Amino acid sequence: MAAVAPQPAEAGPLRRWAPLIGVAVIVIYCLAPFYWMLVSAFRRPSDQFSNAPIPAPFSFQNFKDVFSGDNGFGRGLLNSLIVAGSVTILTLIIGMVAAYTLARLDFKFKNVVLAIIITTSMFPGISLVVPLLKLFVNIHWINTYQAMIVPSLSFALPLAVWNLTAFFRQMPRELEQAAMVDGCTPAQAFRKVIIPLAAPGVFTTAIITFIAAWNEFLIALSMTNKKSIQTANVIIAQFTGTTGRDQPFGSQMAAGVVVTIPLVIAVLLFQRRIVAGLTAGGVK
């Protein structure tokens, strides 16, 4: 008689539930600060130091305080949008051209160039503040948008070039060759064929860049001292409360919720296009 192979033992309850428990712990750990910020934002100003897990009663007074008075938060949101949007657009334009060149062209020291690019992103931002501040004072860039955009661009570009280079390398060269057979120049093939098919990688890079530029604080704090040009993050850090002497904890939490909303919207909008997989069927 043929020997019967032993059946694998069924996984115990602990092995089945351990991955789910681990995921739940990570999700709770990541969302707990935002949940507490949201709860604190909806408390009454008199209850701002309460430890209750749910605000009772709910109050919108903190949100009213954020946009009232002369704290400049509304202008700060506009400044943050201008800076983050400019950094994202410039990063994508420069990053796509540089990444495509590094992915497709063969030249000496290409790997050295890539190594230098990624190395520049490892410098801590705090170490560059003093020389940048001295430079911008000399060229009269203090309290200007470019004083925030250019440094943020220098931090965003290395990661964008690195990510897009890896993405372009995965795309078959037959795409450009087929386009050039049909009469396209290399530049036209890049613009009309490669960029549309590279949309998932481009949108992923755009999301990462926008979030990093939107959340940037150190450069914006160091290069501006006028409220009319400061970003929302700097404005929040300088809240003084309704009387100028109280602790504006509730209004700071409400402002944090407002600042987070554009990031959530950006992720929800672009995530669909990333998951759609626009490269499907690109090569026959």
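Keep in mind it's a predicted model, so treat the numbers as computed, not measured. (Residues numbered from 1 in each chain as written. Predicted model: local features only at pLDDT ≥ 70, side-chain atom pairs only at ≥ 80, totals over all residues. Heavy atoms only, no water.)

1. Overview of the packing of helix α4 (residues 110–120) against helix α6 (residues 146–170)
- Contact geometry for α4 and α6: axes closest at 7 Å, N-to-C directions at 140°. By the angle class used here, α4 and α6 are oblique. Counting all contacts with α4, which are made through K110, N111, L114, I117, I118 and T120, the residues of α6 involved are P158, V161, W162, T165 and R169.
- A breakdown of the residues in the contact of α4 with α6 according to their chemical character gives six nonpolar, three polar and two charged. (Axes fitted to C-alpha atoms, helices over the stretch in contact; angles between N-to-C directions. Helix = DSSP H or I, 4+ residues; strand = E, 2+ residues; numbered from the N terminus. Parallel < 35°, antiparallel > 145°, perpendicular 65-115°, else oblique. Contact = heavy atoms within 4.5 Å. Nonpolar A, V, L, I, M, F, W, Y, C, P; charged D, E, K, R; others polar.)

2. Overview of helix α9 (residues 199–215)
- Taking 1.5 Å of rise per residue, the 17 residues of α9 would be expected to cover 24 Å, and the 24 Å separating its terminal C-alpha atoms lies within 8% of that figure.
- For α9, the tally of buried residues reaches twelve of 17 residues, placing the bulk of the element in the interior. (Expected span 1.5 Å × (residues − 1). Buried < 20%, exposed > 50% of the residue type's maximum accessible area, 1.4 Å probe, protein only.)

3. Structural notes on the packing of α6 against α9
- Running from amino to carboxyl end, α6 crosses α9 at an angle of 160°, the nearest separation of the two axes being 10 Å. Taken together, the axes of α6 and α9 lie roughly antiparallel to each other. By crossing handedness, the relation of α6 to α9 is classed as right-handed. The segment α6 lies against α9, with A156, L159, A160, N163, L164 and F167 engaging P200, G201, V202, T205, I208 and T209. (Left-handed = near helix turned anticlockwise from the far one by under 90°.)

4. Here we look at the side chain of T209
- Summarising the element assignment, T209 is placed in helix α9.
- We classify T209 as buried; its relative accessible area is 6%.
- Apart from residues no more than four positions distant in its own chain, T209 is found in contact with V87, T88, T91 and A156.

5. Brief notes about the nonpolar core
- F63, F73, L77, W214 and V259 are the most contacted members of the largest nonpolar core, which totals 30 residues.
- Among the elements of the structure, α1 (13–41), α2 (61–66), α3 (73–104), α6, α9, α11 (232–237) and α12 (249–276) are those that each provide at least two residues to this core.
- Top element by residues in this core is α12. It accounts for seven residues.
- Apart from residues lying up to four places away in sequence, V259 is in contact with F73, L77, W214, A232, N233 and I236.
- Counting residues in each nonpolar core, the second largest holds 15 residues, with A99, I194, A198 and V202 among its members. (Core = buried A, V, L, I, M, F, W, Y, C linked by side-chain atoms within 4.5 Å.)

6. Points about the UniProt feature "transmembrane region" (unreviewed entry) in the chain
- The positions that UniProt labels "transmembrane region" (unreviewed entry) are, in the present scheme, residues 17–38, 77–100, 112–133, 145–168, 189–214 and 249–270.
- Between the end C-alpha atoms of residues 77–100 there is a gap of 34 Å, over a span that is 100% helix and 0% strand.
- Here residues 249–270 runs as 100% helix and 0% strand, with 32 Å between its end C-alpha atoms. (UniProt positions renumbered as here; feature names shortened; annotations may be inferred.)

7. Observations regarding unusual backbone geometry
- Between A56 and the following residue, P57, the backbone shows a cis peptide bond with an omega angle of 0°.
- Within the fold, P57 resides in the loop between α1 and α2.
- The backbone of H140 sits at a positive phi, close to 60°, despite the residue not being glycine.
- Tracing the sequence through the fold places H140 in the loop between α5 (126–138) and α6.
- Backbone geometry places N143, a non-glycine residue, at a positive phi of 65°.
- In this structure, N143 sits in the loop between α5 and α6.

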